Amino acid sequence: MPLLTPALHNELEAADHRFAHASPSEILAWTFERFDGDVAFACSFEDVALLHMIQQVAPGTEVIFLDTGGHFAETIEFVDRLEAAWRLRVTRTAPGVDAVSWPCGTERCCALRKVEPLSRALAGRSAWVTSVKRSDAATRATMKVVHWDEKFKLTKVNPLAAWSDEDVAYYLRSHDLPEHPLWARGYASIGCAPVTIKPVVEGDRRSGRWAGVAKEECGLHES
Ligand code: SF4
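Caption draft 1: Molecular detail of the overall build of the chain. Per the secondary structure count, the chain includes six helices and six strands. Beginning at the N terminus, the succession of helices and strands in the chain can be written as α-α-β-α-β-α-β-α-β-β-β-α. Here the C-alpha radius of gyration of the chain, 17 Å, is about what a compact globule of 223 residues would show, namely 17 Å. Relative to its full complement of 223 residues, the chain shows a buried share of 49%. Across the chain, every contact between residues at least 6 apart in sequence was considered, and the portion connecting residues at least 24 apart equals 64%. Positive and negative side-chain charges of the chain, numbering 25 and 31 respectively, have mean locations separated by a distance of 3 Å.

And the structure:
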């Protein structure tokens with residue numbers, strides 16, 4: 001398991017400063033070189049902008065898809081389609097057996113269907129990459145580009161930290177990339193089906209997430 005030494009801490013701080021205004025491609029190039037390819041990408045397949053960039057920089061990177069058992073059929077179909085078309089190396093996690101006792105929206109559901117499976121999938125890795133953006137939610141407003149992830153005990157890299165939804169949309173359009181099938185039906189931020197509805201606040205993409213449940217984060221991105 002990687003350890004956070006003082007030297008690594010200082011290196012990550014310096015990298016975070018250095019990449020404050022860098023492009024995602026520059027950040028990815030550094031990440032795969034610095035960690036010698038020992039990097040996984042956790043992808044929700046809500047959009048495929050960062051997935052496409054990673055395919056350019058490091059094709060064959062492990063793509064972790066957290067299959068909670070609650071996804072829309074359209075999400076699963078989209079994952080399958082992209083996996084075949086782009087020859088992705090997808091690892092699909094599965095909830096542990098204990099998850100049966102914790103249905104959607106209950107206190108431990110995300111922990112058992114997302115956090116614990118991701119922890120197992122990342123074990124032994126040096127770094128992971130995510131698509132989170134500061135603009136996603138107030139809870140992500142201070143997200144660094146590069147930092148030590150205390151929860152999963154490895155380096156975490158957020159190449160899109162400074163991007164907006166418009167930046168992602170422009171990237172998808174300009175590269176003619178496929179979109180999640182539910183976007184065409186008015187969904188904007190897509191998670192588990194039982195708690196995802198179309199946005200209820202105009203201009204707030206994530207306002208349809210965890211509908212009826214008092215939460216904003218699933219526990220993956222809190223460190
Ligand atoms: S979003 Fe809902 S169904 Fe999905 S893992 Fe979290 S609590 Fe469970």
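Caption draft 2: Local environment of unusual backbone geometry. Even without glycine at this site, Asp36 takes up a positive phi of about 50°. Residue position: Asp36 is located in the loop between helix H2 (24-34) and strand S1 (39-42). Despite not being glycine, Phe45 has its phi angle at roughly 65°, a positive value. Assignment of secondary structure puts Phe45 in the loop between S1 and helix H3 (49-57).

Caption draft 3: Local environment of the sheet that holds strand S6 (residues 154-157). Taken in spatial order, the six strands make up an open sheet running S3-S2-S1-S4-S6-S5, and their pairing is mixed. Looking at which strands have only one partner, the edges of the open sheet turn out to be strand S3 (89-93) and strand S5 (146-149). Across the sheet, the mean angle separating the axes of adjacent strands is 30° when strand polarity is ignored. In terms of strand pairing, strand S4 (residues 127-129) meets S6 through three bridges, oriented parallel. Across the sheet, residue Val129 finds its bridge partner in S6, namely Val157. Helix H5 (residues 109-122) rests against S1, strand S2 (62-66), S3, S4 and S6 of the sheet, and its axis sits at about 160° to S2.

Caption draft 4: Broad picture of the side chain of Thr61. With respect to the element layout, Thr61 can be found in the loop between H3 and S2. A distance of 2.6 Å separates the side chain of Thr61 from the backbone oxygen of Ala58, its partner in a polar contact. If sequence neighbours within four positions are ignored, Thr61 has contacts with Phe32, Val39, Ala40, Phe41, Ile54 and Arg89.

Caption draft 5: Summary view of the pairing of S6. Pairing analysis gives four bridges linking S5 to S6, with the strands arranged antiparallel. Each bridged residue has a counterpart across the sheet, and for His147 the counterpart in S6 is Lys156. Hairpin remark: S5 followed by S6, antiparallel, with four residues in the connecting loop; positive phi at Lys153, about 60°.

Caption draft 6: A look at the pairing of S1. The alternating pattern of S1 places Val39 and Phe41 on one face and Ala40 and Ala42 on the opposite face, and all of these are buried. As paired strands, S1 and S4 are joined by three bridges and run parallel to one another. Paired with Ala40 across the two strands is Trp128, which belongs to S4. Relative to S2, S1 is paired through three bridges, and the arrangement is parallel. Opposite Phe41, over in S2, you have Val63 as the bridge partner. The parallel pair S1 and S2, bridged by H3, forms a crossover whose chirality is right-handed.

Scoring rules and cut-offs
Residues numbered from 1 in each chain as written. Predicted model: local features only at pLDDT ≥ 70, side-chain atom pairs only at ≥ 80, totals over all residues. Heavy atoms only, no water. Helix = DSSP H or I, 4+ residues; strand = E, 2+ residues; numbered from the N terminus. Rg over C-alpha atoms; globule rule 2.2 N^0.38 Å. Buried < 20%, exposed > 50% of the residue type's maximum accessible area, 1.4 Å probe, protein only. Contact = heavy atoms within 4.5 Å. Lys, Arg positive; Asp, Glu negative; His and termini not counted. Charge placed at Lys NZ, Arg CZ, Asp CG, Glu CD. Pairing = 2+ DSSP bridges. Axes fitted to C-alpha atoms, helices over the stretch in contact; angles between N-to-C directions. Polar contact = N/O pair within 3.5 Å; in protein donor to acceptor, adjacent residues only side chain to side chain. Right-handed = clockwise from strand over helix to strand, strands pointing away.

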